Amino acid sequence: MSATRGALLLMSMLAAAPVHAQWLSRTVDGIMGTRIYVEIWAEDQVKGEAAIDAVMDEMRHIDDSMSTYKPTSEVSRVNALAARQPVPISAELFKLLGTALEYSRITEGAFDITYASVGYMYDFRAHKRPTESQIQAALPAVNYRHVLLDARKHAVRFSQPGVRIDLGGIAKGYSVDRGIEILQARGYTHALVNAGGDSRVIGDRFGRPWVVGIRHPDHPDQVITRIPLVDAAFSTSGDYERYFDEDGVRYHHIIDPHTGHSASKVRSATVIAPTATRTDGLSKTAFVLGPDEAMRIYNQLDDVDAVLVTPDGRILYSKGLQPGDGPSAAAAPADATPAAAAVQAPPAVH
Ligand code: ADP
Ligand code: MG
C-alpha cells in the first residue's frame, strides 16, 4: 500500500470514528400528566438533541389527541358523541383502541378502558370519590364490549349511554414505543425512553444490561429488587402513584371494572415484555385479578415476565424470572454493583 493510500485510509477511518460520542438525556415534566425521560447514546450532539426533540413532540401529539383532560382531544370528542352516533377517528386512535380491546380479552376483562364510566368520578388529587349509589348507577356502562369498532368506516361507537373511555392505562406505554420507533428510525441503537410508569430500552449499556429497580411500595427510596434488561420494555403499576387514604382505606387510580372500586389485590406489579404498549396493557391486571390469576395469565404468554408485590409484602416472580431458569433476575445481586448504580437512570426506578 502506498503511503498516500495509507494516509487516505487512515483519514477516512478517522472521519468515520465517533468524535464526541456521548450519552445525552433530557427530562420534561407535564406531558401526559407525567414526567418524560429520554436517554440516548449519540455520536453527534446536535442530531441527538433533535432526535430527543422529535420524541418529545410525539409525546405531546399523543397527549393532545388522547388526553381526557383536554376537551379538544379526539378521545374527548369520542366520549361526547359515540353513545349517539359512530364517530370517525384517526388511524392511530383506531388502532390503539383495537389494541386496548385485545388486552381486555387477554386479561379476562381486568384491563378495560371503559373503567372511566365510573373512574371519571374519582379525583385523587382532590380526595374525591363517588358514593356507592353513584358507582352502582354507572357500573353497567363499564364493559369493553360496549366499544364497537367499525373497520370500514374507521369509526367508533358505544353500544349504550353512559360509556366513557380513558386511555390512561395504555397511552403512555404506546407513546414510549412511538418514541423508541422514532429513535430507531434515526439509527440509534442504545436508548431509554420513560413516561411515568412505562419504559423501554434498546440495546445495552456497552456490554452491561440496563438495570431496573423496583421500589418498595411504602418507601420510595428503597429498592426491593433489581432486574437487568436489554432490548425490553417494562411497566410498573403501584397503589402509591395517585391515591388518598380515608378511614384506613386506600383509594387509588387502578379501578376494578367489576366493582368500580380501587383494585387492591397487589401493591405493585412490574411487567416485562418486548413493547411498552404490551407491558402497560398488562400491568393493571394483577391489581384486579390478584397475584395467582394474574401469574397464570402472565405465565401463559411466552414473551411476558412479571414481579408482583403482595399486600403482605411478598415478592412473586413469573416463571421466566425464577432463580435457575435462564438469565435470572431474581438472582441478580440486590446490592448495586458500580455498573448497576451507573445505569440506574432515576426515572426508571419505581
Ligand atoms: P401510569 O399512569 O403511571 O403509567 P398505570 O400504568 O398503572 O400508571 O396506569 C394507571 C392508569 O390506568 C389510571 O390512572 C387510569 O387512567 C387507568 N386505569 C385504571 N384502572 C384501569 C383498568 N381497570 N383498565 C384500564 N385502565 C385503567
Ligand atoms: Mg402505565
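Before reading on, note that the structure itself is shown above.
One structure accompanies this document, and this report is about it. (Residues numbered from 1 in each chain as written. Chains lettered and ligands numbered in written order. Predicted model: local features only at pLDDT ≥ 70, side-chain atom pairs only at ≥ 80, totals over all residues.)

### Side note on the site of ligand 1
Then step 1. Inspection of the region around ligand 1 gives 22 residues, with Gly168, Gly169, Gly196, Gly197 and Ser237 positioned closest.
Then step 2. If you list the elements that add at least two residues to the shell around ligand 1, you get strand 10 (232-238) and helix 8 (276-283).
Then step 3. Looking at side-chain class alone, the shell around ligand 1 contains seven nonpolar, eight polar and seven charged residues.
Then step 4. Both domains that meet at the shell around ligand 1, namely domain 1 (74-158) and domain 2 (171-348), each give it at least three residues. (Near = placed C-beta within 6 Å. Helix = DSSP H or I, 4+ residues; strand = E, 2+ residues; numbered from the N terminus. Nonpolar A, V, L, I, M, F, W, Y, C, P; charged D, E, K, R; others polar. Domains from an automatic or database assignment.)

### Re the sheet that holds strand 7 (residues 198-202)
Then step 1. Taken in spatial order, the eight strands line up as 1-2-6-7-10-13-14-15 in an open sheet, and their pairing is antiparallel. Since the sheet does not close on itself, it has two edges, and those belong to strand 1 (22-31) and strand 15 (315-317), each with one partner. When strand polarity is set aside, the average angle formed by the axes of neighbouring strands in this sheet is 10°.
Then step 2. Pairing analysis gives four bridges linking strand 7 to strand 10, with the strands arranged antiparallel. For Ser199, the partnering residue across the bridge sits in strand 10 and is Phe234.
Then step 3. Sitting on the sheet, helix 2 (residues 45-66) touches strand 1, strand 2 (34-42) and strand 6 (191-195), and the angle it makes with strand 2 is about 150°. (Pairing = 2+ DSSP bridges. Axes fitted to C-alpha atoms, helices over the stretch in contact; angles between N-to-C directions. Contact = placed C-beta atoms within 7 Å.)

### Describing the sheet that holds strand 5 (residues 155-158)
Then step 1. The strand order across the open sheet formed by three strands is 3-5-4, and the pairing between neighbours is antiparallel. Both edges of this open sheet fall to strand 3 (87-88) and strand 4 (147-150), since each of them pairs with a single strand only.
Then step 2. Note: strand 3 against strand 5, two bridges, orientation antiparallel. Considered in strand 5, the bridge of Pro88 is made with Ala155.

### Focus: the packing of helix 2 against helix 7 (residues 171-185)
Then step 1. Two elements in contact, helix 2 and helix 7, have axes whose closest approach is 9 Å; the angle formed by their N-to-C orientations is 150°. Classified by the angle between their axes, helix 2 and helix 7 sit roughly antiparallel to one another. Classified by chirality, the crossing of helix 7 by helix 2 is right-handed. Between helix 2 and helix 7, the contacting residues are Ala51, Ala54, Val55, Glu58, Met59, Ile62 and Met66 on the first element and Ala171, Tyr174, Ser175, Arg178, Gly179, Ile182 and Leu183 on the second.
Then step 2. Of the residues in the contact of helix 2 with helix 7, the class split is ten nonpolar, two polar and two charged. (Parallel < 35°, antiparallel > 145°, perpendicular 65-115°, else oblique. Left-handed = near helix turned anticlockwise from the far one by under 90°.)

### Overview of the packing of helix 7 against helix 8
Then step 1. Close contact between helix 7 and helix 8 brings their axes to 7 Å; oriented N to C, the two are set at 165°. Put simply, helix 7 runs roughly antiparallel to helix 8. With respect to the hand of their crossing, helix 7 and helix 8 are arranged in right-handed fashion. For the pair formed by helix 7 and helix 8, the contact residues are Lys172, Gly173, Tyr174, Val176 and Asp177 on the first element and Ala276, Thr277, Thr279, Asp280 and Gly281 on the second.

### A word on the pairing of strand 8 (residues 210-215)
The two faces of a sheet get side chains in turn, since along a regular strand they alternate between them.
Then step 1. Most of strand 8 sits inside the fold, with six of its six residues counted as buried.
Then step 2. Here strand 8 shows no split at all, with Trp210, Val212 and Ile214 on one side and Val211, Gly213 and Arg215 on the other all buried.
Then step 3. Pairing analysis gives six bridges linking strand 8 to strand 9 (residues 223-229), with the strands arranged antiparallel. In the strand pairing of strand 9, Val211 is matched with Pro228. (Buried ≥ 20, exposed ≤ 12 C-beta atoms within 10 Å, placed from the backbone.)

So, to be careful, I would describe these as geometric facts and stop short of saying anything about function.
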